[in-house]
Amino acid sequence: MTTKIEVLQLALEKALGEGAAISAALGEVTVVVKAADYLKAMQTLRDDPSLAFEEMIDLCGVDYSQYGEGTWDGPRYAVTTHLLSLANNWRVRVRVFAPDDEMPIVESITGIWRAANWYEREAFDLYGILFDGHGDLRRILTDYGFIGHPFRKDFPISGYVEMRYDPEQKRVIYQPVTIEPRENIPRVIREETYGMK
């Protein structure tokens, strides 16, 4: 007897062919596609009646620069998308790696799922991943004058600049960060009778 996950894997293998790496773990199916095949694969996932992933649930960027305690030797940036098929009641995760670490670019899927618009802008803003074909790729969570991408692993915890209101100039100004690096040492306070009962 085949399980629902096995049926999904077979349908994905048939629809996507050898251009996709399909795996299952912990009851979830993941498809990894090459950047060159990404747009075509996503179109197939939505339009193939045996799959019918008509709803895009989530899209996010990933920075693998320190993955596995620095043992990762693949591309640094990836885009991960979660799709849902209401007709078949199954889900799939699709991952695509940006081939260039210096200028991470993947195709935009806003032409397939309009809901991807906000998520792609978020991935651009926080990770610096560019989406080719996106009609309005601009910052969405950080300020327009913000420098850098705060979810990248090499972005400093305190940032590069801070902003404050200057009453003399009567406006918000940016200045270099004035927070000094410090170490946080956890302080544990227990009552005298802790563990005595």
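Quick summary incoming for the structure in this document. Predicted model only: the values in this text are computed from it and were never measured.

## Topic: helix α2 (residues 38-47)
Here comes step 1: Looking only at α2, the buried set comprises Tyr 38, Ala 41, Met 42 and Leu 45. All buried residues of α2 project into a common sector of 100° when viewed along the axis, lining one side.
Here comes step 2: In this structure, the buried side of α2 is in contact with α1 (4-16), β2 (28-33), β3 (55-63), β4 (77-85), β5 (90-97) and β6 (105-107).

## Let's talk about the nonpolar core
Here comes step 1: In this structure, Leu 12, Tyr 38, Met 42, Leu 45, Phe 53, Leu 83 and Ile 109 are the most contacted members of the largest nonpolar core, which totals 35 residues.
Here comes step 2: With near-sequence residues (within four places) excluded, Phe 53 lies in contact with Leu 8, Leu 12, Leu 45, Arg 46, Leu 83, Leu 84, Ser 85, Trp 90, Arg 91, Val 92 and Trp 113.

## Overview of the sheet that holds β3
Here comes step 1: Strand order in the open sheet formed by 5 strands is β1-β2-β5-β4-β3, and the pairing between neighbours is mixed. Looking along the sheet, the strands with just one partner apiece sit at the ends: β1 (20-25) and β3. Strand-to-strand twist across the sheet, computed as the mean angle between neighbouring axes with direction ignored, equals 20°.
Here comes step 2: Where α2 meets the sheet, it contacts β2, β3, β4 and β5, and its direction lies at approximately 10° from that of β4.
Here comes step 3: Strands β3 and β4 of the sheet are contacted by helix α3 (residues 116-127), whose axis makes an angle of about 5° with β3.

## Thoughts on the layout of surface pockets
Here comes step 1: Here the largest pocket defines a volume of roughly 230 Å³.
Here comes step 2: Lining of the largest pocket is provided by 14 residues; of these, Gly 27, Glu 28, Val 29, Arg 91 and Val 92 occupy positions nearest its centre.
Here comes step 3: Those elements that place two or more of their residues in the lining of the largest pocket are α1, β2, β4 and β5.
Here comes step 4: Here the lining of the largest pocket takes 4 residues from β5, the largest share from any one element.
Here comes step 5: Tallied by class, residues from the lining of the largest pocket come to 7 nonpolar, 3 polar and 4 charged.

## Some details on the pattern of salt bridges
Here comes step 1: Here the structure, examined in full by the defined rule, presents 7 salt bridges.
Here comes step 2: A salt bridge links Arg 76 to Asp 63; its shortest N-O distance comes to 2.9 Å. Of the two residues, Arg 76 is situated in the loop between β3 and β4 and Asp 63 in strand β3; the sequence distance between them amounts to 13 residues. The residues Arg 76 and Asp 63 share a single accessibility class, namely buried.
Here comes step 3: The salt bridge partner of Asp 136 is Arg 138, with a shortest N-O separation of 2.7 Å.
Here comes step 4: Classification of Arg 138 by relative accessible area gives partly exposed; the value is 36%.
Here comes step 5: Taken together, the salt bridges that share partners define one network made up of Asp 63, Arg 76 and Asp 154.

Definitions and cut-offs
- Residues numbered from 1 in each chain as written.
- Predicted model: local features only at pLDDT ≥ 70, side-chain atom pairs only at ≥ 80, totals over all residues.
- Heavy atoms only, no water.
- Buried < 20%, exposed > 50% of the residue type's maximum accessible area, 1.4 Å probe, protein only.
- Helix = DSSP H or I, 4+ residues; strand = E, 2+ residues; numbered from the N terminus.
- Arc of directions from axis to C-beta.
- Contact = heavy atoms within 4.5 Å.
- Core = buried A, V, L, I, M, F, W, Y, C linked by side-chain atoms within 4.5 Å.
- Pairing = 2+ DSSP bridges.
- Axes fitted to C-alpha atoms, helices over the stretch in contact; angles between N-to-C directions.
- 1 Å grid on protein atoms, 1.4 Å probe; cavity = no way out; pocket = protein on both sides within 12 Å on 5 of 7 lines; lining within 4 Å.
- Points joined across faces, edges and corners; volume = space filled by probe spheres on them.
- Nonpolar A, V, L, I, M, F, W, Y, C, P; charged D, E, K, R; others polar.
- Salt bridge = Lys/Arg side-chain N within 4 Å of Asp/Glu carboxyl O.

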